Amino acid sequence: MMISTKGRYALRVMIDLAEQPPDRYTPLDEIATRQGISKKYLEIILKTLVSQKLLVGLRGKGGGYRLTRKPNDYQVLEILELTEGPLAAVTCLLPDAELCERRERCKTLPMWQRFDRMVHDFFEGITLRDLVEDTMKND
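A. The arrangement of the overall build of the protein chain in detail. Within the protein chain, the secondary structure is distributed over 6 helices and 2 strands. Counting from the amino terminus, the protein chain carries its helices and strands in the arrangement α-α-α-β-β-α-α-α. Summarising its shape, the C-alpha atoms of the protein chain cover approximately 60 × 35 × 25 Å along the three principal directions. Residues classed as buried in the protein chain amount to 35% of the 139 residues present. Nonlocal contacts in the protein chain, meaning residues at least 24 apart in sequence, comprise 62% of its contacts between residues at least 6 apart. Surface accessibility of the protein chain: about 9100 Å² in total, with carbon and sulfur atoms responsible for 52%. For the protein chain, the separation between the mean place of its 22 positive charges and that of its 21 negative charges on side chains is 4 Å.

And the structure:
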């Protein structure tokens, strides 16, 4: 499993916005400059985040983007799965996967299921607030 730049940049954008006053709309230009992300690529990421209601956007003077919830109410898993899709290590664990004919006798399936659960538990256990407060350094 490899997290793409889209997923990593989405996390950076969400952290950036979480560090701003909650009632302030932050312009795209400011985010792009602070994060070193091209405006064109950032627009793609922001569109996804807005369409799924993680952010709200406002056009015009005084416009920009802001979070729709408190940083503690966002799980990293939610952000990554929104931008990356399901974080399954193998295709048979994807939500819409066809039932594998070898499932009942597959010797590796329990290992993949355990790994999948570990990944999900790990990312579910980290909130945007944790990233803003940099609590991951203590682990």
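B. Structural detail: the pairing of strand S1 (residues 55–58). As judged from the 4 bridges shared by S1 and strand S2 (residues 64–67), these two strands associate in the antiparallel manner. Within the sheet, the bridge partner assigned to Leu 58 lies in S2 and is Gly 64.

The rules behind each value
Residues numbered from 1 in each chain as written. Predicted model: local features only at pLDDT ≥ 70, side-chain atom pairs only at ≥ 80, totals over all residues. Heavy atoms only, no water. Helix = DSSP H or I, 4+ residues; strand = E, 2+ residues; numbered from the N terminus. Buried < 20%, exposed > 50% of the residue type's maximum accessible area, 1.4 Å probe, protein only. Contact = heavy atoms within 4.5 Å. Areas by Shrake-Rupley, 256 points an atom, 1.4 Å probe, with all protein chains shown as cover. Lys, Arg positive; Asp, Glu negative; His and termini not counted. Charge placed at Lys NZ, Arg CZ, Asp CG, Glu CD. Pairing = 2+ DSSP bridges.

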